[in-house]
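Remarks on the overall topology
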Amino acid sequence: SQQGEEDPQALSIQEGENATMNCSYKTSINNLQWYRQNSGRGLVHLILIRSNEREKHSGRLRVTLDTSKKSSSLLITASRAADTASYFCALRSNDYKLSFGAGTTVTVRA
Amino acid sequence: GAGVSQSPSNKVTEKGKDVELRCDPISGHTALYWYRQSLGQGLEFLIYFQGNSAPDKSGLPSDRFSAERTGGSVSTLTIQRTQQEDSAVYLCASSPDLAGAGEQFFGPGTRLTVL
């Protein structure tokens, strides 16, 4: 199964700034999900976007999906120290498995 | 309500020993997944269970790895004759069903260290 590739691998921003990370993939998907992981432990689901959707919002999160370019972006607005974490995109294809990329590590400086 | 729980949270073992990792999914969730995450890496799919169907074991890296799910609830991942390359965080997740939207609920993981 395919994996998403996140870009950049790491991101350091000042509190209050926006953080943007991207996920690219190779074959068709059913949906794409973003997860957050703190301190290398359990993941928390953030948002899911289906293949027929182009943009979704949840609080300070905005996700876009461009199926023609096979890419997605996650924008975190007005970042806070608590947003410091690793962010993973996960691809869901028709075989019901989720395939995770290697993640983007975000550090928010106070 | 309780989330997904895993035990132990940390396990240190010697090379060659067997280990068992436990996962308690969210009550009522029929799908259960095991993943492995090596340091600084993404998640590697290992196995999933859906109700009474035969599990998908396609991600298990070798025949030293096995998993079972008793009574459609608790799952145990067993690693026999552990090797140093088995050191990783083992994550369990559950979801209401495979045909659903696909959101998975993760446990806190078990950090396995093989000396």
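Up top is the structure these notes are about.
Residues numbered from 1 in each chain as written. Chains lettered and ligands numbered in written order. Predicted model: local features only at pLDDT ≥ 70, side-chain atom pairs only at ≥ 80, totals over all residues. Heavy atoms only, no water.

1. Things to note about the pattern of salt bridges
All names here are of chain A. Here the structure, examined in full by the defined rule, presents six salt bridges over all chains. Asp 83 is the partner of Arg 60 in a salt bridge, and the nearest nitrogen-oxygen pair spans 2.9 Å. One end of the pair, Arg 60, is in the loop between β6 (55-58) and β7 (61-66); the other, Asp 83, is in the loop between β8 (71-76) and β9 (85-92), with 23 residues separating them in the sequence. Judged by relative accessible area, which is 24%, Arg 60 ranks as partly exposed. (Salt bridge = Lys/Arg side-chain N within 4 Å of Asp/Glu carboxyl O. Helix = DSSP H or I, 4+ residues; strand = E, 2+ residues; numbered from the N terminus. Buried < 20%, exposed > 50% of the residue type's maximum accessible area, 1.4 Å probe, protein only.)

2. A closer look at the sheet that holds strand β1 (residues 5-7) of chain B
Residue and element names in this part refer to chain B. Taken in spatial order, the four strands line up as β1-β3-β7-β6 in an open sheet, and their pairing is antiparallel. Across the chains shown, the open sheet's two edge strands, defined by having one partner strand only, are β1 and β6 (65-69). The sheet shows a mean angle of 15° between the axes of neighbouring strands, direction not considered. (Pairing = 2+ DSSP bridges. Axes fitted to C-alpha atoms, helices over the stretch in contact; angles between N-to-C directions.)

3. A word on the sheet that holds β7(A)
Residues and elements named next belong to chain A. Read across the sheet, five strands follow the order β1-β3-β8-β7-β6 without closing on themselves; strand pairing throughout is antiparallel. Looking along the sheet, the strands with just one partner apiece sit at the ends: β1 (5-7) and β6. The mean inter-strand angle of the sheet, taken between neighbouring strand axes irrespective of direction, is 15°. Here β6 pairs with β7 via four bridges, running antiparallel. Across the sheet, the residue bridging to Lys 56 is Val 63, located in β7.

4. Topic: the pairing of strand β8 (residues 88-95) of chain B
Residues and elements named next belong to chain B. With eight of eight residues buried, β8 lies mostly within the body of the structure. The alternating pattern of β8 places Ala 88, Tyr 90, Cys 92 and Ser 94 and Val 89, Leu 91, Ala 93 and Ser 95 on opposite faces, both of which are buried. Bridging between strand β4 (residues 31-37) and β8 involves seven bridges; their strand directions are antiparallel. By the bridge assignment for β8, Leu 32 is matched with Ser 94. Alignment of β8 against strand β10 (residues 110-114), held across three bridges, turns out to be antiparallel. Paired with Tyr 90 across the two strands is Thr 110, which belongs to β10. Where β8 lies against strand β9 (residues 105-106), two bridges are found, and the strand directions are antiparallel. Following the sheet pairing, Ser 94 is matched in β9 by Phe 105.

5. Digging into the environment of B:Asn10
Residue and element names in this part refer to chain B. On the secondary structure map, Asn 10 appears in strand β2 (residues 10-13). By relative accessible area, Asn 10 is classed as partly exposed at 46%. Distance from Asn 10 to Gly 109, taken between C-alpha atoms, is 8.5 Å for residues 99 residues apart in sequence.

6. Here we look at the packing of aromatic side chains
For any two aromatic rings, the description comes down to two numbers: the centre-to-centre distance and the angle of the planes. Enumeration according to the criterion identifies nine aromatic pairs over all chains in this entry. Ring centres of A:Tyr35 and A:Phe100 lie 5.5 Å apart, and the angle between their planes is 55°; this geometry places the pair in the tilted category. On the criterion of sequence distance, the pair formed by A:Tyr35 in strand β4 (residues 31-37) and A:Phe100 in strand β10 (residues 98-100) is long-range, its members being 65 residues apart. Like A:Phe100, A:Tyr35 is buried. When the ring of A:Phe100 is compared with that of B:Tyr35, the centres are 5.5 Å apart and the planes differ by 85°; the resulting orientation is edge-to-face. In this pair, A:Phe100 sits in strand β10 while B:Tyr35 sits in strand β4, so the two residues belong to two different chains. Here A:Phe100 and B:Tyr35 have matching classes, each one buried. (Phe/Tyr/Trp six-rings, centres within 6.5 Å; stacked < 30°, edge-to-face > 60°.)

7. What to know about the nonpolar core
Residues and elements named next belong to chain A. The biggest cluster of nonpolar side chains holds 23 residues, and the ones touching the most others in it are Met 21, Leu 32, Trp 34, Leu 46, Leu 74, Ile 76 and Tyr 87. Breaking this core down by element, the ones donating at least two residues are β2 (10-14), β3 (19-24), β4, β5 (43-50), β7, β8, β9 and β11 (104-109). Ranked by residues supplied to this core, first place goes to β9 with four residues. The contacts of Tyr 87, once residues within four sequence positions are left out, are Glu 6, Met 21, Tyr 35, Arg 36, Leu 46, Leu 74, Ile 76, Gly 103, Thr 104 and Val 106. (Core = buried A, V, L, I, M, F, W, Y, C linked by side-chain atoms within 4.5 Å. Contact = heavy atoms within 4.5 Å.)

8. Quick look at the interface of chain B and chain A
Listed per partner, the contact involves 27 residues of chain B and 21 residues of chain A. In this structure, the connection of chain B to chain A is made through zero salt bridges. At the boundary of chain B with chain A, the tally comes to two residue pairs in polar contact (both at pLDDT 80 or more). Broken down by secondary-structure element, the contributors of at least two residues to the side of chain B that touches chain A are β4, β5 (43-50) and β8 of chain B. (Polar contact = N/O pair within 3.5 Å; in protein donor to acceptor, adjacent residues only side chain to side chain.)

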